[in-house]
Amino acid sequence: MKYVVVVPDGQPVVIGGMMKNQKLQSDSKIPILGDIPILGMAFKRKITDNVKTELLIFLTPHIVRDPIQLAEMTQKERGAQEMVPKSFSEQELDKFIDGLPVKDPSKIGMPPPEPSKPKPGLKRR
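Everything quoted here is computed from the prediction, not taken from an experiment.

Trainee: So what exactly am I meant to see when it comes to the overall build of the chain here?
Mentor: Along the chain, the regular secondary structure elements total two helices and two strands. Listing the helices and strands of the chain from first to last along the sequence gives β-β-α-α. For the chain, the share of sequence-separated contacts (at least 6 apart) that also reach a separation of at least 24 residues comes to 62%. For the chain, the exposed area adds up to about 12500 Å²; of that, 61% sits on carbon and sulfur atoms.

Trainee: Hey, could you run me through the pattern of salt bridges in this one?
Mentor: Close approach of charged atoms allows side chains of opposite charge to pair. Scanning the model with the defined rule gives two salt bridges in all. Two residues, Asp35 and Lys29, come together in a salt bridge whose shortest N-O distance is 2.3 Å. Take Lys29: its relative accessible area is 46%, and that puts it in the partly exposed class.

Trainee: Help me understand the environment of Glu54, please; the structure alone is not making it clear to me.
Mentor: Mapped onto the elements of the fold, Glu54 is located in strand E2 (residues 44–59). Placed 37 residues apart in sequence, Glu54 and Gly17 show a C-alpha to C-alpha distance of 7.3 Å. Discounting residues that sit within four places of it in the chain, Glu54 has contacts with Met18 and Met19.

Trainee: I'm lost on the environment of Arg45 in this one. Help?
Mentor: Mapped onto the fold, Arg45 is located in strand E2. Classification of Arg45 as exposed rests on a relative accessible area of 55%. Taking the C-alpha atoms as reference points, Arg45 and Ser28, 17 residues apart in sequence, are found 5.4 Å from one another. For Arg45, the contacting residues outside a window of four places in its chain are Ser26, Asp27 and Ser28.

Trainee: Looking at this structure, I do not really get a nonpolar patch on the surface. What am I missing?
Mentor: Together, Ile30, Leu33, Ile36 and Leu39 give the surface a local cluster of nonpolar side chains, amounting to about 320 Å² of exposed area. Here Leu33 shows up in the loop between strand E1 (13–29) and E2. Under the relative-accessibility criterion, Leu33 is labelled partly exposed at 34%.

Trainee: I keep staring at the environment of Gly34 and nothing clicks. Help me out?
Mentor: With respect to the helices and strands, Gly34 occurs in the loop between E1 and E2. A residue is classified by how much of its surface remains accessible, and Gly34, at 0% relative accessible area, is buried. Considered as a pair, Gly34 and Arg45 are eleven residues apart in the sequence and their alpha carbons are 9.1 Å apart. Filtering out sequence-adjacent residues up to four positions away, Gly34 remains in contact with Lys29, Gly40, Phe43 and Lys44.

Trainee: Which parts of the structure should I look at to understand the confidence of the model for the chain?
Mentor: On average, residues of the chain score 77 in pLDDT, and 73% of them reach the 70 mark or higher. Considering each helix and strand of the chain separately, the mean pLDDT is smallest for helix H2 (residues 90–98), with a value of 74, and largest for E2, with 89.

Reading the values: the criteria
Residues numbered from 1 in each chain as written. Predicted model: local features only at pLDDT ≥ 70, side-chain atom pairs only at ≥ 80, totals over all residues. Heavy atoms only, no water. Helix = DSSP H or I, 4+ residues; strand = E, 2+ residues; numbered from the N terminus. Contact = heavy atoms within 4.5 Å. Areas by Shrake-Rupley, 256 points an atom, 1.4 Å probe, with all protein chains shown as cover. Salt bridge = Lys/Arg side-chain N within 4 Å of Asp/Glu carboxyl O. Buried < 20%, exposed > 50% of the residue type's maximum accessible area, 1.4 Å probe, protein only. Patch = residues over 30% accessible without salt bridge, like charges linked within 9 Å, V, L, I, M, F, W, Y side chains within 5 Å. pLDDT = per-residue confidence, 0-100.

Right, dumping it as structure tokens:
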């Protein structure tokens with residue numbers, strides 16, 4: 001089977017996907033008390049959940065006229081993919097940690113901490 005999709009340059013299109021509906025049923029009870037005949041009904045319950053999962057495939061076509069343009073687009077997309085590893089700079093983390101309240105170590109039976117040495121290249125306030 002062959003499909004043809006006509007889309008303007010840079011316009012996203014959904015080319016496929018899957019949907020799944022699932023009913024999950026589970027029993028929850030208090031150990032021992034839930035096992036007592038008749039009286040145990042007061043100590044257990046049935047939980048029913050409806051779970052819907054969708055997977056869609058989006059495709060955004062771009063017209064590339066020469067290899068240099070393709071290399072530029074590739075670099076741009078790779079730069080946009082970095083999310084979690086560099087979500088906070090070291091300065092932002094230091095500022096957050098410096099703002100946290102400090103517990104008195106003598107009250108919890110620990111020796112006082114040694115003063116930290118500043119990292120090279122970073123300014124401490």
